[in-house]
Amino acid sequence: LKGIFPAIAPWCQFASDCLSSMAMFNHRPAASNDYIEDEQVDKLQSWDEYERKVALQSLALQGEKAARYMGDVAKLLDDENAEVRKCAAIALGKIGTQARSHLPSLAASLKDADSGVRAEAARALGAVGNYQNTPQAQSVVSLARDKD
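Only a predicted model underlies this, so the values are computations on that prediction, with no experimental measurement involved.

Details of the packing of helix α3 (residues 49-62) against helix α5 (residues 82-95)
Item 1. Contact geometry of α3 with α5 gives a least axis separation of 8 Å together with a crossing angle of 15°. Viewed along their axes, α3 and α5 adopt a mutual orientation that is roughly parallel. Judged by the twist between their axes, the crossing of α3 over α5 is left-handed. Across from Glu49, Arg52, Lys53, Leu56, Gln57 and Ala60 in α3, the residues of α5 making contact are Glu83, Val84, Cys87, Ala88, Ile90, Ala91 and Lys94.
Item 2. Looking at the contact of α3 with α5 residue by residue, the class counts come to seven nonpolar, one polar and five charged.

Spelled out as structure tokens, the structure:
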């Protein structure tokens, strides 16, 4: 561009310098995953349902790394908000096999009034794994007949 329009060469350099400066000021050191998780765990206790949902989604994205918080996540399967309950089921499913201790809570969610919660609980049970010979398996079979 400088070679084609020599008159704007100084402006091109100025713009390039500005962008470099902006990038430098916007650069933040990477936070440790522990810090991010702890911050999100605090939000799980928020009065704001949106903050609880976002915190659950953030933990779900971390998958197995969020396993140490699965007890806090499982408590939200009983939240008053259906979207929060659904996000809690998703997060437990993303944690995977380490969430086996919460199979009974997930199975109880198969009887939730909200069909989205029931569906995510069924998916989470599948992701957590090896529940075929448990009482939860019968709940999943009955969910397959669910009209919603």
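Focus on the nonpolar core
Item 1. Core analysis: the largest hydrophobic core is formed by 30 residues, its most contacted members being Leu44, Leu56, Leu59, Val73, Leu92, Ile95 and Leu106.
Item 2. Mapped onto this core, the elements with two or more residues apiece are α2 (33-44), α3, α4 (70-75), α5, α6 (103-109) and α7 (115-128).
Item 3. At seven residues, the largest contribution of residues to this core is made by α5.
Item 4. Leaving out residues up to four positions away in the same chain, Leu106 has contacts with Leu77, Ala89, Leu92, Ala121, Ala124, Leu125 and Val128.

Considerations on the pattern of salt bridges
A side chain of one charge can pair with a side chain of the opposite charge if their charged atoms are brought near each other.
Item 1. Using the criterion set out here, one finds five salt bridges in the structure.
Item 2. A salt bridge links Arg52 to Asp79, with the shortest nitrogen-to-oxygen separation between them at 3.0 Å. Here Arg52 is found in helix α3, whereas its partner Asp79 is found in the loop between α4 and α5, with 27 residues between them in sequence.
Item 3. When its relative accessible area of 4% is taken as the criterion, Arg52 is described as buried.
Item 4. According to the relative accessible area criterion, Asp79 is buried, its value standing at 10%.
Item 5. A salt bridge links Asp112 to Arg85; the shortest N-O distance between them is 2.7 Å. Residue Asp112 is found in the loop between α6 and α7, and its partner Arg85 is found in helix α5; the two are separated by 27 residues along the sequence.
Item 6. Sharing partners across several salt bridges, the network here consists of Arg52, Asp79 and Glu80.

Rules of the game
- Residues numbered from 1 in each chain as written.
- Predicted model: local features only at pLDDT ≥ 70, side-chain atom pairs only at ≥ 80, totals over all residues.
- Heavy atoms only, no water.
- Axes fitted to C-alpha atoms, helices over the stretch in contact; angles between N-to-C directions.
- Helix = DSSP H or I, 4+ residues; strand = E, 2+ residues; numbered from the N terminus.
- Parallel < 35°, antiparallel > 145°, perpendicular 65-115°, else oblique.
- Left-handed = near helix turned anticlockwise from the far one by under 90°.
- Contact = heavy atoms within 4.5 Å.
- Nonpolar A, V, L, I, M, F, W, Y, C, P; charged D, E, K, R; others polar.
- Core = buried A, V, L, I, M, F, W, Y, C linked by side-chain atoms within 4.5 Å.
- Buried < 20%, exposed > 50% of the residue type's maximum accessible area, 1.4 Å probe, protein only.
- Salt bridge = Lys/Arg side-chain N within 4 Å of Asp/Glu carboxyl O.

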